[in-house]
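As a plain string of letters, each chain reads:
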Amino acid sequence: MNQPDAASLMAALDATWPAQATHTQDGWRLRDGAGGGKRVSAASPLHEDAPLSTAEAWMQARGQQPLFRLTAGDAALDAVLTGRGYNLLDPTVIYAGPAADLARKPGHVSLFNIWPPLAIMRYIWAEGGIGPAKIAVMERACTPKTGLVARIEDRAAGVAFCALHDKIAMVHAIEVLPHMRRKGVGALIVQGAAWWAQAQGAHMLALAVTDANTGARTLYERLGLQVCARYHYREQGLKEAPQ
């Protein structure tokens, strides 16, 4: 099966992890993330001639530091922003693979599909810095969707969120408790998410991870996922992120 193209993956990313509101103006997709993080707050160009001043003014009027999400097709804008002192944040890759190849039926009481999330799921997310504003992102995401909670050693060990858009299942907010890491929880979540997603009609499973998260990237590549798209952010006035 052919891997999805970058545009399809970015569309799935936005549908399964949506802003509170999206506004289109002068060639820009402008996002109100309601505190849900960069992914739901960054502006994206719809064409290369979009005037930068429109997006900057829109974000500044809302008390937001101008922030842009850029893909490989936005090289010209990336150069302009670099020249204007915008700093690089969170280079990110999107991995994808056929759901049928990744899917593994979870063992008895090892993984549960639950929505809305239980208190223990909210607790594990909160321990990883995923608080109410990001839970709200999950709540407004497209359907079908589910929360995933993994259990090992008779206790909850990790969580994730998964939703479908156009036959692509995107996994978000994977969080494993520190003392439960290196015990196979991440693989259990990814393979179990693929099992659930395939039953919902998904052809592909995908997820985004920062370049810097080498541990997670090693796991995803071991499971057979491949890098299919990249993006990064440029933000005004912040200290340069490590390369």
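Right above here is the structure, for reference.
Now for a quick tour of the structure. Here the structure is a predicted model, which is why all the values come from computation and not from measurement.

A word on the overall build of the protein
No. 1: Each helix and strand counted, the protein has 8 helices and 11 strands in total.
No. 2: Its C-alpha atoms give the protein a radius of gyration of 18 Å, near enough to 18 Å, the size a compact globule of 243 residues would have.
No. 3: Projected onto its principal axes, the C-alpha positions of the protein cover 55 × 40 × 35 Å.
No. 4: Burial analysis of the protein (243 residues in total) assigns 50% to the buried set.
No. 5: If you take every contact in the protein between residues at least 6 apart in sequence, the share linking residues at least 24 apart comes to 70%.
No. 6: Roughly 11,400 Å² of accessible area belongs to the protein as shown, and the carbon and sulfur atoms make up 50% of that amount.
No. 7: Between the mean site of the 24 positive side-chain charges and the mean site of the 21 negative ones, the protein shows a separation of 8 Å.

Let's talk about the environment of A75
No. 1: Its location among the elements puts A75 in helix α3 (residues 75-83).
No. 2: A residue is classified by how much of its surface remains accessible, and A75, at 52% relative accessible area, is exposed.
No. 3: Sequence-wise, A75 and Q226 are 151 residues apart; in three dimensions their C-alpha atoms are separated by 23 Å.

Remarks on the sheet that holds strand β8 (residues 155-165)
No. 1: Strand order in the open sheet made by the 8 strands is β4-β11-β5-β10-β9-β8-β7-β6, with mixed pairing throughout. Unpaired on one side and paired on the other, β4 (67-71) and β6 (111-114) mark the two borders of the sheet. This sheet shows a mean twist of 25 degrees between the axes of neighbouring strands, independent of strand direction.
No. 2: Pairing analysis gives 9 bridges linking strand β5 (residues 86-98) to strand β11 (residues 226-236), with the strands arranged antiparallel. Across the sheet, residue Y95 finds its bridge partner in β11, namely V227.
No. 3: Against the sheet, α3 contacts β4, β5 and β11, and its axis sits at roughly 140 degrees relative to β4.

Some thoughts on the pairing of strand β7 (residues 145-152)
No. 1: Burial analysis of β7 places 7 of its 8 residues in the buried class, which makes it a mostly covered element.
No. 2: Here β6 pairs with β7 via 4 bridges, running antiparallel. Paired with N113 across the bridge in β7 is L148.
No. 3: Pairing of β7 with β8 involves 8 bridges; the strand directions are antiparallel.

Describing helix α5 (residues 119-127)
Each α-helix turn comprises 3.6 residues. Residues three or four places apart therefore point the same way.
No. 1: Where α5 is concerned, the buried positions are M121, I124 and W125. Take α5 and look down its axis: the buried residues cluster within an arc of 100 degrees, on one side only. Set apart from the buried face of α5 by more than 90 degrees, the exposed residues are A119 and E127.
No. 2: On its buried side, α5 packs onto β6, α6 (132-140), β7, β8 and β9 (168-176).

Here we look at the environment of G192
No. 1: Locating G192 in the fold gives a position in helix α7 (residues 185-199).
No. 2: The exposure class assigned to G192 is buried, which follows from its relative accessible area of 2%.
No. 3: Excluding residues that lie within four positions of it along the chain, G192 makes contacts with R104, P106 and L111.

As for the packing of α7 against helix α8 (residues 214-223)
No. 1: One way to put it is that α7 packs onto α8 with a least axis distance of 11 Å and a crossing angle of 50 degrees. When the axes of α7 and α8 are compared, the pair comes out oblique. Considering how the two elements wind past one another, α7 and α8 form a crossing that is right-handed. Counting all contacts with α7, which are made through G186, A187, V190 and Q191, the residues of α8 involved are L219, Y220 and L223.
No. 2: Residue composition of the contact of α7 with α8, by class: 5 nonpolar, 2 polar and no charged.

Focus: the sheet that holds strand β1 (residues 21-25)
No. 1: Judged by pairing direction, the sheet is antiparallel, and its 3 strands sit side by side in the order β1-β2-β3 without closing on themselves. Edge positions in the sheet fall to β1 and β3 (44-45), since each has one partner strand and no second.
No. 2: Note that β1 and strand β2 (residues 28-32) share 5 bridges and pair antiparallel. What sits directly across from T24, in β2, is R29.

Description of a nonpolar patch on the surface
No. 1: A cluster of nonpolar side chains, contributed by L118, I120 and Y123, occupies part of the molecular surface with about 270 Å² of accessible area.
No. 2: Within the element layout of this structure, L118 appears in the loop between β6 and α5.

Definitions and cut-offs
Residues numbered from 1 in each chain as written. Predicted model: local features only at pLDDT ≥ 70, side-chain atom pairs only at ≥ 80, totals over all residues. Heavy atoms only, no water. Helix = DSSP H or I, 4+ residues; strand = E, 2+ residues; numbered from the N terminus. Rg over C-alpha atoms; globule rule 2.2 N^0.38 Å. Buried < 20%, exposed > 50% of the residue type's maximum accessible area, 1.4 Å probe, protein only. Contact = heavy atoms within 4.5 Å. Areas by Shrake-Rupley, 256 points an atom, 1.4 Å probe, with all protein chains shown as cover. Lys, Arg positive; Asp, Glu negative; His and termini not counted. Charge placed at Lys NZ, Arg CZ, Asp CG, Glu CD. Pairing = 2+ DSSP bridges. Axes fitted to C-alpha atoms, helices over the stretch in contact; angles between N-to-C directions. Arc of directions from axis to C-beta. Parallel < 35°, antiparallel > 145°, perpendicular 65-115°, else oblique. Left-handed = near helix turned anticlockwise from the far one by under 90°. Nonpolar A, V, L, I, M, F, W, Y, C, P; charged D, E, K, R; others polar. Patch = residues over 30% accessible without salt bridge, like charges linked within 9 Å, V, L, I, M, F, W, Y side chains within 5 Å. Salt bridge = Lys/Arg side-chain N within 4 Å of Asp/Glu carboxyl O.

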